[in-house]
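Fold and geometry: a report
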Amino acid sequence: MYGFINTCLKSLVIEKYGEEIWEKIRLQAGVQDTFFTFEVYKDEITMQLIDKACKMLDVPPDMVLKQFGEYFFEFCKQSGYDHMLRTLGGNLYEFIENLDALHSYLSLSYQEMNAPSFRVEKNEDGSMHLHYYSDRRGLCHIVPGIIGAAALDFFNTEISMEIVNQTEEEERTGKKEHIVFLVTQKPVFSYKKRNKFSSSPQYLADSGRQTEKQLNKEDIEKKIKKIRDRTSVCPVKKNHWETIRGIVTLGRGKLLRRFNPVYPTTLWIDTKTFCNGLPFHIVFDEELRVKQAGVSIQKIVPGLQTMGIRLDDYFSIVHPEVTFTISSVQKFINSQFVFRTRREMMPESWKQRPMLELRGQMMWMESLQCMLYLCSPLLRTLHELEERQMHIADIAPHDVTRDLILLNQQRLAEMELSSQLERKKEELRILSKHLEEEKKKTEALLYAMLPKHVANQLKEGKRVEAGEFKECTILFSDVVTFTNICAQCEPIQIVLMLNSMYLRFDRLTTVHDVYKVETIGDAYMVVGGVPVPVSTHAERVANFALGIILAAKEVKNPVSGNPIQIRVGIHTGPVLAGVVGEKMPRYCLFGDTVNIASRMESHGVPSKIHLSPTVYYCLKGKSFEMTERGEIEVKGKGKMHTYFLIRNRTATENEIMGNPTKEPEAVHESVQSFHGSRIKTIRSSCQQAMQFNSEPDQPPTIAMKYIDGPMETQASHKGRSQERIMDLTGKTHDFESAGCRHGDQQPASDPYLHNQERIKPAAEEPEIRHVRSNFCNLV
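In this report, we go over the structure that sits alongside the text. Position labels on residues start from 1 in each chain and follow its written sequence. Thresholds applied to this predicted model are a pLDDT of at least 70 for local features of residues and 80 or more for the giving and counting of side-chain atom pairs; totals over whole chains, interfaces and linings are not thresholded and use all residues. Each side-chain value is worked out from all heavy atoms of the structure, with water and hydrogens disregarded.

Let's talk about the overall build of the protein chain
Comment: elements are numbered from the N terminus, with helices defined as DSSP H or I runs of at least four residues and strands as E runs of at least two. Of regular secondary structure, the protein chain possesses 24 helices and 18 strands. Here the term buried applies to any residue with accessible area under 20% of the maximum for its type, exposed to any over 50%, and partly exposed to those in between, with areas from a 1.4 Å probe on protein chains only. Out of the 779 residues in the protein chain, the part that is buried amounts to 44%. Residues count as neighbours in contact if any of their non-hydrogen atoms are within 4.5 Å of one another. Within the protein chain, contacts between residues separated by at least 24 positions form 63% of all contacts whose residues are at least 6 apart in sequence. All accessibility values rest on the Shrake-Rupley procedure with a 1.4 Å probe; residue burial counts only the protein chains present in the view. Summed over its atoms, the accessible surface of the protein chain is roughly 41,800 Å², and 53% of this surface lies on carbon and sulfur atoms.

Laid out in structure tokens, this is it:
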């Protein structure tokens with residue numbers, strides 16, 4: 001079938017059921033997504049699509065095919081065949097009778113078209129028997145959909161079609177299926193809207209369609225009686241033609257269909273003129289013996305000059321595919337017949353050329369008991385004319401075949417151009433699709449390196465201004481004894497170890513929605529509350545820290561084979577963030593907060609999470625268990641009172657790791673004390689090298705939920721902050737707060753800053769810890 005059919009089927013599914021259903025049907029059928037109008041595809045593709053559509057939509061095949069028939073009729077109209085279909089006939093009988101002629105015309109353009117054949121018979125009760133012949137089995141239910149839609153649209157008639165006979169036609173040499181439909185008609189006089197895709201047998205008329213009321217016989221008789229009454233009263237007699245004109249006017253011209261032709265008593269044309277005027281015609285009797293032939297066909301097939309030879313010796317019937325007998329020809333007398341010359345009976349000069357095909361109609365002459373075949377050469381292009389060494393002059397001037405060849409030559413050129421445009425359009429669609437995929441990959445890579453809003457500004461060529469964040473939480477981590485490990489391993493083993501560890505850490509940044517700033521060697525840096533301020537930045541980073549401690553146990557030391565150990569340090573404070581540089585731009589954090597967070601990590605303990613006092617105050621009163629480490633000497637900062645994070649009392653391991661929770665746990669286990677976690681087997685160095693970029697099988701990532709607000713009132717928050725500070729120092733200090741859930745800032749007399757002159761002179765920034773959080777202004 002041509003791609004036009006498959007395109008129509010695709011359009012039907014998408015319009016009625018959506019693109020997702022079409023995509024599923026297409027994938028199950030294993031066919032491409034786009035079909036070219038003038039390209040021939042295997043019938044199996046269409047059959048597969050119909051079969052999968054029936055199964056997926058759970059609709060019987062006959063309903064799907066009928067629905068397709070209705071849509072196909074509308075699709076043909078929208079594709080430019082509306083006027084062609086409307087002019088086939090003045091009623092349904094004539095419309096069906098000329099469908100084969102339409103297919104014959106379309107075959108000039110669609111040269112490989114294998115269309116079905118139709119034959120219609122009128123019954124005495126007004127019904128019709130429609131004979132449908134097709135090489136393709138199982139598609140007969142399309143016919144009621146097409147014919148029903150055409151009858152309703154063109155002739156304002158509802159029809160019902162039922163199969164009365166289904167056989168394999170023995171007389172036909174090529175067709176496999178012969179279906180006989182009983183067609184009954186019912187005129188529709190009301191204007192009703194109908195659904196184009198209705199699968200019910202009732203077809204409703206399109207709104208606004210203007211139809212003329214046909215006068216039945218009783219109406220006409222009444223009109224004639226009125227006219228007679230008028231003529232009997234009127235003193236002036238009307239002549240015969242005036243009466244006829246009056247009847248025609250009142251009957252709206254319907255009586256013109258009762259026109260009776262007048263034939264001459266003698267045929268006023270001689271035999272020679274007839275054979276020259278109709279150069280392509282053949283007269284043969286019931287035994288297929290040739291009685292007469294036109295001059296041009298005699299010139300091409302010299303054997304026809306011998307009267308009495310059998311026609312089937314020189315020609316074979318191409319269409320309709322019937323046996324060459326007079327009874328078969330009479331049965332399909334309303335169809336167009338295509339004859340093809342037999343190569344073995346042609347002159348030597350013709351045997352190397354393509355065989356000539358003739359197309360025309362059959363007319364039975366009852367008085368002579370002979371059949372007249374009026375035909376013309378079936379030629380589609382000037383190239384076919386040249387191949388047969390024929391000329392336009394060989395065709396009679398009155399024969400429209402001359403014009404048809406020239407017009408079809410132009411049409412074929414337009415079709416070729418249209419086909420090229422379709423291919424180019426499909427190529428552009430595929431390229432556009434690939435471009436969109438590459439764009440998404442590029443954006444994903446860019447967003448992995450920079451915050452999304454920063455990356456978008458850089459893409460637009462805008463300058464990214466540095467931003468001040470009054471409160472955020474920074475985390476640093478590194479691998480214990482990393483230098484010793486590097487000295488005893490191959491470089492590829494170090495790279496694989498770090499890659500395995502960082503893949504797990506990166507996944508946890510998604511779980512807790514923290515921003516990965518950078519990695520330098522074995523050091524990993526993340527921040528919470530930047531670039532998007534959130535009130536739960538400390539909780540997020542704390543849970544992230546618990547997660548990476550657990551994740552590090554899944555990565556083995558390539559030297560000892562034991563799980564690696566990491567140190568983690570966290571600090572909360574203000575930073576300045578922005579993009580530096582033009583080549584390889586990075587989103588960097590600046591400020592003393594970064595230094596203190598780094599000191600917390602470097603002064604930490606293996607497999608422990610080291611907290612600064614500001615982090616402790618942010619997490620105190622939350623669901624975290626912390627223990628005091630005491631006062632330690634911090635390089636460059638003097639003595640500081642620090643703490644260790646032990647666990648999250650309310651969050652399970654699966655929640656912290658972002659794994660699906662199989663069943664709720666009654667008692668939450670300690671994350672820090674969980675030593676029975678799953679440790680994956682690390683492949684050998686060669687296997688790891690082969691799978692360098694492959695992430696270990698990970699369960700689906702489940703983001704942990706955090707509630708950012710509503711904020712506490714300033715008074716209650718201030719009271720709680722004072723209570724916290726009193727517990728630690730024995731003194732109470734008032735400080736400014738914006739109402740953040742963990743906005744308690746360290747007072748100026750905090751123990752870890754008793755050596756303030758080593759950090760920063762008080763005169764430069766006396767209120768460094770009295771900073772209002774930007775998050776509150778944002779909310």
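A few points about the sheet that holds strand β6 (residues 290–293)
Within a sheet, each strand pairs with its neighbour through backbone hydrogen bonds, oriented either parallel or antiparallel. If you walk across this open sheet you meet the six strands as β6-β5-β10-β9-β8-β7, and the pairing is antiparallel. Of all strands in the sheet, those bounded by a partner on one side alone are β6 and β7 (315–319). The mean angle between the axes of side-by-side strands here comes to 30 degrees, regardless of whether they run parallel or antiparallel. Two elements, strand β5 (residues 281–285) and strand β10 (residues 370–377), share five bridges in a ladder whose sense is antiparallel. Within the sheet, the bridge partner assigned to His281 lies in β10 and is Leu374. Strand pairing is defined by DSSP finding a minimum of two bridges between the two strands. Only the stretch in contact is used when a helix axis is fitted, and all axes are lines through C-alpha atoms; the angle between N-to-C directions ranges over 0 to 180 degrees.

Quick look at the packing of helix α4 (residues 61–86) against helix α7 (residues 142–155)
Packed helix pairs are characterised by how far apart their axes lie and by the angle those axes make with each other. For the pair α4 and α7, the least separation of the axes is 8 Å and the interaxial angle reads 50 degrees. The orientation of α4 with respect to α7, classified from their angle, is oblique. The two elements α4 and α7 cross, and the hand of that crossing is right-handed. Contacts between α4 and α7 involve Leu65, Lys66, Phe68, Gly69, Glu70, Phe72, Phe73, Glu74, Lys77, Asp82, Leu85 and Arg86 on the former and, on the latter, Ile142, Gly145, Ile146, Ala149, Ala150, Asp153 and Phe154. Here the residues of the contact of α4 with α7 are counted per class, giving 10 nonpolar, two polar and seven charged. When describing relative orientation, an angle under 35 degrees is termed roughly parallel and one over 145 degrees roughly antiparallel, while 65 to 115 degrees is termed roughly perpendicular and anything else oblique. Crossing handedness: left-handed means the near helix sits turned counterclockwise from the far one by under a right angle, and right-handed means the same turn made clockwise. Ten residues, namely Ala, Val, Leu, Ile, Met, Phe, Trp, Tyr, Cys and Pro, are considered nonpolar, four, namely Asp, Glu, Lys and Arg, are considered charged, and the remaining ones, Gly among them, are considered polar.

So, the environment of Ala466
Mapped onto the elements, Ala466 comes out in the loop between α15 (452–459) and β11 (467–479). Residue classification places Ala466 among the exposed positions, given a relative accessible area of 53%. In this structure, the C-alpha to C-alpha distance between Ala466 and Cys588, residues 122 residues apart in sequence, is 9.6 Å. Those residues in contact with Ala466 that sit more than four places away from it in its chain are Leu576, Ala577 and Gly578.

Quick notes on the pattern of salt bridges
Criterion for a salt bridge: a side-chain nitrogen of Lys or Arg within 4 Å of a carboxyl oxygen of Asp or Glu. Under the definition given, this model contains 29 salt bridges. Among the charged side chains, a network of salt bridges with common partners joins Glu74, Lys77, Asp82, Arg86 and Asp153.

Observations concerning the packing of aromatic side chains
Working definition: an aromatic ring pair is given by the centre-to-centre distance plus the angle between the planes. Any pair of Phe, Tyr and Trp rings, taking the six-membered ring for Trp, is counted once the centres come within 6.5 Å. Such a pair is stacked with planes under 30 degrees apart, edge-to-face with planes over 60 apart, and tilted for the rest. Considering all chains together, one arrives at 19 aromatic pairs under this definition. With 5.3 Å between their ring centres and 55 degrees between their planes, Phe324 and Phe339 make a pair best called tilted. Of the two residues, Phe324 is situated in the loop between β7 and α12 (326–331) and Phe339 in strand β8 (residues 337–341); the sequence distance between them amounts to 15 residues. Classification of Phe339 by relative accessible area gives buried; the value is 0%.

Some words on the sheet that holds strand β4 (residues 177–187)
With antiparallel pairing, the four strands of this open sheet are ordered in space as β1-β2-β4-β3. Edge positions in the open sheet fall to β1 (117–122) and β3 (157–167), since each of these has one partner strand only. Across this sheet, the average inter-strand angle for adjacent strands is 25 degrees, counted without regard to direction. Sheet topology note: the strand β2 (residues 128–134)/β4 ladder contains seven bridges and is antiparallel. Paired with Tyr133 across the strands is His178, a residue of β4.

Section: the pairing of β6
Strand direction decides the pairing type here: β5 and β6, joined by three bridges, are antiparallel. Looking at β6, one finds that Val283 is bridged to Gln292.

Describing the packing of helix α14 (residues 401–449) against α15
α15 packs onto α14 with a crossing angle of 120 degrees between their chain directions and a minimal axis gap of 8 Å. In terms of their interaxial angle, α14 and α15 are classed as oblique. Two packed elements cross with a definite hand, and for α14 against α15 that hand is right-handed. Where α14 approaches α15, its residues Glu443, Leu446 and Tyr447 are matched on the opposing element by Lys452, Ala455, Asn456 and Lys459.

Scope: geometric values only; no functional claims are made or implied.
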